[in-house]
Amino acid sequence: MTAIAVDNLVKEFGEKRAVDGVSFTTGESEFLVLVGPSGCGKTTTLRMLAGLEPVSSGTIRFGGRAVTEVRPRDRSIAMVFQDYAVFPHLTVFENIAYGLRSRRIPRAEVRKKVPEAARTFRIDHLLDRKPRQLSGGERQRVALSRSLVRDADLYLYDEPLSNLDAQLRHTAREDILSLHRRKERPTVYVTHDQSEAMALGDRIAVMDAGRIQQIGTGEELYERPVNRFVAYFIGTPGINLFTMELKTAGDDVVASGCGLELRLPDSVARKVRPYAGRRIELGVRPEHLHVPRMAPFDVNEGNTIHGLVTVIEPSATGSTVYLSTTQDEPLDFTATFKVRMPASYLDKEVPLGIDLEKVHLFDAETGESLLHGPHGPHGKE
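Please read all numbers here as calculations on a predicted model, not as lab measurements.

The rules behind each value
Residues numbered from 1 in each chain as written. Predicted model: local features only at pLDDT ≥ 70, side-chain atom pairs only at ≥ 80, totals over all residues. Heavy atoms only, no water. Helix = DSSP H or I, 4+ residues; strand = E, 2+ residues; numbered from the N terminus. Contact = heavy atoms within 4.5 Å. Areas by Shrake-Rupley, 256 points an atom, 1.4 Å probe, with all protein chains shown as cover. Lys, Arg positive; Asp, Glu negative; His and termini not counted. Charge placed at Lys NZ, Arg CZ, Asp CG, Glu CD. Expected span 1.5 Å × (residues − 1). Buried < 20%, exposed > 50% of the residue type's maximum accessible area, 1.4 Å probe, protein only. 1 Å grid on protein atoms, 1.4 Å probe; cavity = no way out; pocket = protein on both sides within 12 Å on 5 of 7 lines; lining within 4 Å. Points joined across faces, edges and corners; volume = space filled by probe spheres on them. Nonpolar A, V, L, I, M, F, W, Y, C, P; charged D, E, K, R; others polar. Phe/Tyr/Trp six-rings, centres within 6.5 Å; stacked < 30°, edge-to-face > 60°. Polar contact = N/O pair within 3.5 Å; in protein donor to acceptor, adjacent residues only side chain to side chain. Axes fitted to C-alpha atoms, helices over the stretch in contact; angles between N-to-C directions. Parallel < 35°, antiparallel > 145°, perpendicular 65-115°, else oblique. Left-handed = near helix turned anticlockwise from the far one by under 90°.

**Observations concerning the overall build of the chain**
(1) Moving on: The helix and strand inventory of the chain stands at nine helices and 20 strands.
(2) Moving on: Its C-alpha atoms give the chain principal-axis dimensions of roughly 80 × 50 × 35 Å.
(3) Moving on: Expressed as a percentage of contacts within the chain between residues at least 6 apart in sequence, the contacts between residues at least 24 apart total 66%.
(4) Moving on: Per element, the accessible surface of the chain, about 18500 Å² overall, is 47% carbon and sulfur.
(5) Moving on: Charge centroids of the chain, computed over 50 positive and 52 negative side chains, lie 10 Å from each other.

Shown next, in the form of structure tokens:
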């Protein structure tokens, strides 16, 4: 059964259209993440779901019930805000109990539910403290505990981890997933952090300029992006893009430009042959560039790029290497390796093999994928 159905949702602020025809559905216990850059409309969409922002046009349904004009208090939602929204003059116990008491839940039930929720998020020893005596992570758990005691039909999160440091964010993710599993209710979560989206979401909706660009699992968005924006936004570091031209040479299809002549493998060439003669952008993810002797494919002149190493950035799992092409007008690109690249390679030219089976091709003008169309099973919803 569909838990949330949003149809052609629009929000206008004067002449500015912040949300432009957003549509999506969720399952009964699905965790959907709205992700995108600042100003893309994701928080405004969430606030319309909560009833905190009036809808300019479009409809919102919860479990088949139209709620577009329903007041927030009558929508049966629980929401966690970016700034936690805890009351500074109340104790932790009183903050968690606030929603229960406002709905006149019996005192005995409040005394039972609040400690249970606090215990779930490891703050049961803090019930008598005020928020000023708590760390940012502890205040976040107060907000999560307040959501846990509420038997809501829908759970909403507005960038709840953005004020936490990296280690606390990891712990808080586990807390949020724990809450989701206990409640088994639909959840919509807003973030600008694509790694956070990949870690949490059953599905992810990538937004830009007020519109949903693509909805899918993290794997679908990574492997089959429908346009250049999704390909660049999903993945760390971002995908490398090279402006080239598609050419045919007998039975071969070649991507030519940026000092490269790349013969595309048959699996790719079959799909893009009709676009021969067109300017394209070839996308290569940093992890699909390989040192020749370690590449899982044969490296030759038709799949090699040469780059001057400018920066080597060690990481816990290997290294990220920043390079520039060796042509007259050099282009910067990035490669990631599962081994440490020695500092002796700085300022040296190195060859790297491109895994052409995993490249992405986009129309240079529209940004649409030539391999994965926007209206297929993994495209826009």
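**Some details on helix α4 (residues 136-149)**
Given 3.6 residues per turn, any residue in an α-helix points the same way as the ones three and four places further on.
(1) Moving on: In this model α4 runs 21 Å from its N-terminal to its C-terminal C-alpha over 14 residues, within 8% of the 20 Å that 1.5 Å per residue would give.
(2) Moving on: Taken across its 14 residues, α4 has eleven buried, putting it largely inside the fold.
(3) Moving on: Inspection of α4 places Gly137, Gln140, Arg141, Val142, Ala143, Leu144, Ser145, Arg146, Ser147, Leu148 and Val149 among the buried residues, and these make up the whole buried set.
(4) Moving on: Where α4 is buried, its residues meet β6 (77-80), α2 (92-102), α3 (107-120), β7 (154-158) and α5 (166-183).

**Let's talk about the layout of surface pockets**
(1) Moving on: Size it by volume and the largest pocket reaches roughly 690 Å³.
(2) Moving on: What lines the largest pocket is a set of 20 residues, and nearest its centre among them are Ile77, Ala78, Met79, Gly99 and Arg150.
(3) Moving on: Residue assignment for the lining of the largest pocket shows that the elements contributing at least two residues are β6, α2 and α4.
(4) Moving on: When its residues are assigned to classes, the lining of the largest pocket shows 13 nonpolar, three polar and four charged.
(5) Moving on: If you add up the space inside the second largest pocket, you get close to 480 Å³.
(6) Moving on: Lining the second largest pocket are 18 residues, with Glu287, Ser319, Thr336, Phe337 and Lys338 positioned closest to its centre.
(7) Moving on: Of all the secondary-structure elements, those providing two or more residues to the lining of the second largest pocket are β15 (289-290), β17 (318-325) and β18 (332-337).
(8) Moving on: In terms of residue class, the lining of the second largest pocket is made up of eight nonpolar, eight polar and two charged.

**Here we look at the packing of aromatic side chains**
(1) Moving on: Enumeration over the complete set of coordinates arrives at five aromatic pairs.
(2) Moving on: Taking 5.8 Å as the distance between ring centres and 40° as the angle between the ring planes, the aromatic pair formed by phenylalanine 31 and tyrosine 189 counts as tilted. Of this pair, phenylalanine 31 sits in strand β3 (residues 31-35) while tyrosine 189 sits in strand β8 (residues 187-191), and the two are 158 residues apart along the sequence. In this pair, the class of phenylalanine 31 matches that of tyrosine 189, namely buried.

**Section: the environment of arginine 203**
(1) Moving on: Within the element layout of this structure, arginine 203 appears in strand β9 (residues 203-208).
(2) Moving on: Put simply, arginine 203 and proline 274 are 71 residues apart on the chain and 32 Å apart in space, counted from C-alpha to C-alpha.
(3) Moving on: Within the structure, the side chain of arginine 203 is placed 2.6 Å from the backbone oxygen of threonine 25, a separation counted as a polar contact.

**Some thoughts on the packing of α2 against α3**
The axes of two packed helices give the description: the angle between them and the distance between them.
(1) Moving on: Relative to each other, α2 and α3 sit at 130°, their axes nearing to 10 Å. Judged by the inter-axis angle, α2 sits oblique to α3. Note that α2 runs across α3; the crossing there is right-handed. Facing α2, whose interface residues are Phe93, Ile96, Ala97, Leu100 and Arg101, α3 presents Val110, Arg111, Lys113, Val114, Pro115 and Ala118.
(2) Moving on: Within the contact of α2 with α3, the residues separate by chemical class into eight nonpolar, no polar and three charged.

Distances and angles like these do not, on their own, reveal function.
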